[in-house]
Amino acid sequence: MTDQTGTPGTGKEMQRFINDPDDLVDETVAGFVKAHRDLVQKDPMNARVVTSRFAPQEGKVGIVTGGGSGHEPAFIGYTGRNMVDAVAVGELFSSPTAKSFADAIRAADGGAGVAVLYGNYAGDNMNVRMAKEMVTPEGIEVSTVVANDDVCSAPLTDREKRRGVAGEIFMWKIGGAKAALGGSLDEVIAVSQRAVDATRSVGVGLGPCTLPAVGHPNFQIAPGTMEVGIGHHGEPGTRVEPLKAADDVADDMLKIVLDDHDLPEGTEVAVLVSGLGATPINELYVLYDRLETGLEAAGLRVHRAFVGNYFTSLEMIGATLSVMALDDELKALIDVECASPGMVVTGAPTAPVGQVTRRTRTATAGAASAKVPRAPEPTTTPILPLAEASGIVEDMAAVIVANKAHLSEIDGLIGDGDHGINMAKGFGRAAERIAGQVMPLDKALEQLSDVLMSEIGGSMGPLYGFMFQNMALSIAERDAIDAEGFAAMMQAGLDGVRTTGSAQVGDKTLIDCFVPAVEAFDATKATGFSEALTAMSKAAETGRDSTVDMVAKLGRAARLGERSRGVPDAGATSCCLILNELADAVARRLISA
């Protein structure tokens, strides 16, 4: 049985307004821009960037954010006047690419610097860092603030590990207002950081969401229960509790936030209650009624409240609460008028800082890699001829596409469920570019790297992108490689992953598969090329399986603590598939000179 998205075995059709799931993000952006053409427009150089019609202004600090789709009106919905100037758009629940972040920065640049205000997720951190490296040679000054307002995602002592959730909206509102009033880049960054530091958030989920390309929920919430500390990407909560009456849920949410906040009596606050996509608005008002009563009982005064669907998670049932403590400046800035599809604040009009300008943009190809050591010329047999070996990349792509549902299912148990979707899209597009051509292996690897880094995003885009880029550089212009050359190519790929991310063996990532596989090949290559490939495959499988009993230390799963144990890491699983297919594909092509 298939549902309307073509996903087998879901047992029932998805009742969704969808054409092709792979086109959903692009069609969302197209409809959004048409519906709000008075406020926004599509960037002419990148279809995955939406810009404000009021930006860039000459001499004004640009405000940029970005994130995965499926959270509408976040992120694109906060583009407009006195809010965000440019937004990088990612795949569903996946970070935008470094290229999209870089193009958003270029689009927002009015000559006074650009503030990138975004959420604390591995892919966003990685791609924003790369984007900053890409635009710095162009003379654009970039500073960042990373939102970490989600109380349940890490203890207060590790606040830097907390994820950003709906509290990001306060950061955008405050930063956008300060920029609109003519603040310098340092001033915009400082007040945006104060907004983050003054904000605490918590989410409660009553029903899961479904990625259209997967066709079934990432996880289940049993009838009569609720997930406390739910993530915006479909990540399970930090604990499961029996479902309570609305007033009791509101009391619990408020206690979580205020216990972490420790606000003195008399503090004025801004409050945001957002639905997660399928929660009736009247139920949000029921929650807010109790929340304001609780805030007043705690001696706090609500200066401004926002209730509605401000930061969603597809069709998840649930709600988030964000509370920002106000000082005099934050209070004044929250009141500055703004107009965006996601938020409107009325007030006295603000004068533009400068003329809206369209600056000349010279996009660069991407962040440069460190110098990659070349694989040596072959001196032993058998060898792998490289001149017509592009089929190896097609073989790797085929196995990833075939395991799309499996990879997403694993990822959905402790993450957001998009791993298989995005990997299959990236590898599939690369295979389409290569199909029907006969090209050297390094050129085919370059094609795969380019697609992953420029079109896919998330954390896997740059991690695998630099892996394959380094592998390509190591064998460039070589006619063939032997076991020593293959070992050098694999080490270059591992170095690419390590320079892009910070994972170590034991962190429950693809590194747990990749490192032992490379080490096993290197240790056995003297016994023969084929034997070393077999050893590499076995070590990859052992490494993949080792992640089952690990507690995740990096990425979204890390915030689940012990709840991340018992499930293999999706990245390690895809890495194992890639390495096993690579070993098989190479073994089939070995020849004795």
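Each chain has its residues counted from 1, running along the sequence as written. With the structure being a predicted model, the display of local features is reserved for residues of pLDDT at least 70 and the display and counting of side-chain atom pairs for 80 or more, all residues being used for whole-chain, interface and lining totals. To get the side-chain values, take all heavy atoms of the structure and skip hydrogens and water.

Novice: Mind showing me how you'd approach the overall build of the protein chain here?
Specialist: Secondary structure elements are taken from DSSP: a helix is a run of H or I of four residues or more, a strand is a run of E of two residues or more, and numbering for both begins at the N terminus. For the protein chain, the count of helices and strands is 17 helices and 16 strands. The globule rule used for comparison is 2.2 Å times the number of residues to the exponent 0.38, while the radius of gyration itself is calculated over C-alpha atoms. By the compact-globule yardstick of 25 Å for 593 residues, the protein chain fits well, its C-alpha radius of gyration being 25 Å. Judged by the C-alpha coordinates and their principal axes, the protein chain covers about 80 × 55 × 45 Å. The rule is simple: take the accessible area with a 1.4 Å probe, protein chains only, and divide by the maximum for that residue type; under 20% is buried, over 50% is exposed, in between is partly exposed. Here the protein chain, with 593 residues, has 60% of them falling under the buried criterion. Pairs of residues are marked as contacts when any of their non-hydrogen atoms sit within 4.5 Å. Considering only contacts in the protein chain between residues 6 or more positions apart, those separated by 24 or more positions represent 74%. All accessible areas in this document rest on Shrake-Rupley with a 1.4 Å probe, and a residue is counted as covered only by the protein chains that are shown. Put simply, the protein chain shows about 22,000 Å² of open surface, and 52% of that area lies on carbon and sulfur atoms.

Novice: Looking at this model, I keep getting lost on the nonpolar core. Mind explaining?
Specialist: As used here, the term nonpolar core means buried Ala, Val, Leu, Ile, Met, Phe, Trp, Tyr and Cys residues forming a set that is joined through side-chain atoms within 4.5 Å. Core analysis: the biggest nonpolar cluster contains 89 residues, and Tyr464, Phe468, Phe486, Met490 and Phe514 have the highest contact counts within it. The element that contributes the greatest number of residues to this core is helix 17 (residues 570-589), accounting for 10 residues. Setting aside anything within four residues of it in sequence, one finds Tyr464 in contact with Met423, Leu452, Leu510, Gly571, Ser574, Cys575 and Ile578. Listed in part, the 66 residues of the second largest apolar core include Ala74, Ile76, Val89 and Met171.

Novice: Looking at this model, I keep getting lost on the pairing of strand 12 (residues 317-326). Mind explaining?
Specialist: On a regular strand, one side chain projects to one face of the sheet and the next to the other, so that they alternate. With nine of 10 residues buried, strand 12 is to be regarded as a mostly interior element. At least two bridges found by DSSP between two strands is the condition for calling them paired. Relative to strand 12, strand 7 (residues 199-207) runs antiparallel, the two sharing eight bridges. Opposite Val202, over in strand 12, you have Leu321 as the bridge partner. Direction of pairing for strand 10 (residues 268-275) relative to strand 12: antiparallel, over a ladder of eight bridges. Among the inter-strand pairings, Gly275 is bridged to a residue of strand 12, identified as Ala319.

Novice: Mind showing me how you'd approach the sheet that holds strand 6 (residues 142-147) here?
Specialist: Sheet strands pair by backbone hydrogen bonding; their relative direction is either parallel or antiparallel. Strand order in the open sheet formed by six strands is 1-2-4-3-5-6, with mixed pairing between adjacent strands. Each edge of the sheet is formed by a strand with only one pairing partner; in this case those strands are strand 1 (40-42) and strand 6. Between one strand and the next, the sheet's axes are offset by a mean angle of 25 degrees, whatever the strand orientation. Inspection of the sheet shows strand 5 (residues 114-119) paired to strand 6 by six bridges, in the parallel sense. Looking across to strand 6, one finds that Val116 is bridged to Thr144. Angles run from 0 to 180 degrees between N-to-C directions of axes, and those axes are lines fitted to C-alpha atoms, restricted for helices to the stretch in contact. Each of strand 3 (62-69), strand 5 and strand 6 is contacted by helix 3 (residues 122-135), which is oriented at about 165 degrees to strand 5, the strand it contacts most.

Novice: Would you explain the packing of aromatic side chains in this entry?
Specialist: Two descriptors summarise a pair of aromatic rings, namely the distance from one centre to the other and the angle between the planes of the rings. A pair of Phe, Tyr and Trp rings is counted when the ring centres sit within 6.5 Å of each other, with Trp represented by its six-membered ring. The angle between the planes then sorts it: under 30 degrees is stacked, over 60 is edge-to-face, the rest tilted. Counting across every chain of the model gives 10 aromatic pairs. Ring centres of Phe486 and Phe521 lie 4.9 Å apart, and the angle between their planes is 50 degrees; this geometry places the pair in the tilted category. Here Phe486, found in helix 14 (residues 483-500), pairs with Phe521, found in helix 15 (residues 511-524); they are 35 residues apart in sequence, far enough to count as distant. Judged by its relative accessible area of 0%, Phe486 falls in the buried class. By way of ring pairs, the aromatic residues Phe75, Tyr78, Trp172 and Phe311 are connected into one cluster. Sitting over the face of the ring of Phe54, Arg81 holds its NZ or CZ atom 5.6 Å from the ring centroid. As a reminder, the over-ring test applies to NZ of lysine and CZ of arginine, requiring each to be within 6 Å of the ring centre and within 35 degrees of the ring normal.

Novice: When you look at the pattern of salt bridges in this model, what are you seeing that I'm missing?
Specialist: Pairs can form between side chains of opposite charge whenever their charged atoms are close. Whenever Lys or Arg places a side-chain nitrogen within 4 Å of a carboxyl oxygen from Asp or Glu, that contact is recorded as a salt bridge. All told, the structure shown has 33 salt bridges when counted by the stated rule. Between Asp150 and Arg163 there is a salt bridge, with the nearest N and O atoms lying 2.4 Å from each other. One end of the pair, Asp150, is in the loop between strand 6 and helix 4 (168-180); the other, Arg163, is in the loop between strand 6 and helix 4, and 13 residues separate them in sequence. For the pair Asp150 and Arg163, one class covers both residues: buried. Arg290 is the salt-bridge partner of Asp247, the closest N and O atoms lying 3.7 Å from each other. With Asp247 in helix 6 (residues 246-261) and Arg290 in helix 7 (residues 281-297), this residue pair connects regions lying 43 residues apart in the sequence. Judged by its relative accessible area of 34%, Asp247 falls in the partly exposed class. Salt bridges sharing partners connect three or more residues here, namely Asp26, Arg48, Glu91 and Lys425.

Function cannot be read off these values alone, since they describe shape.
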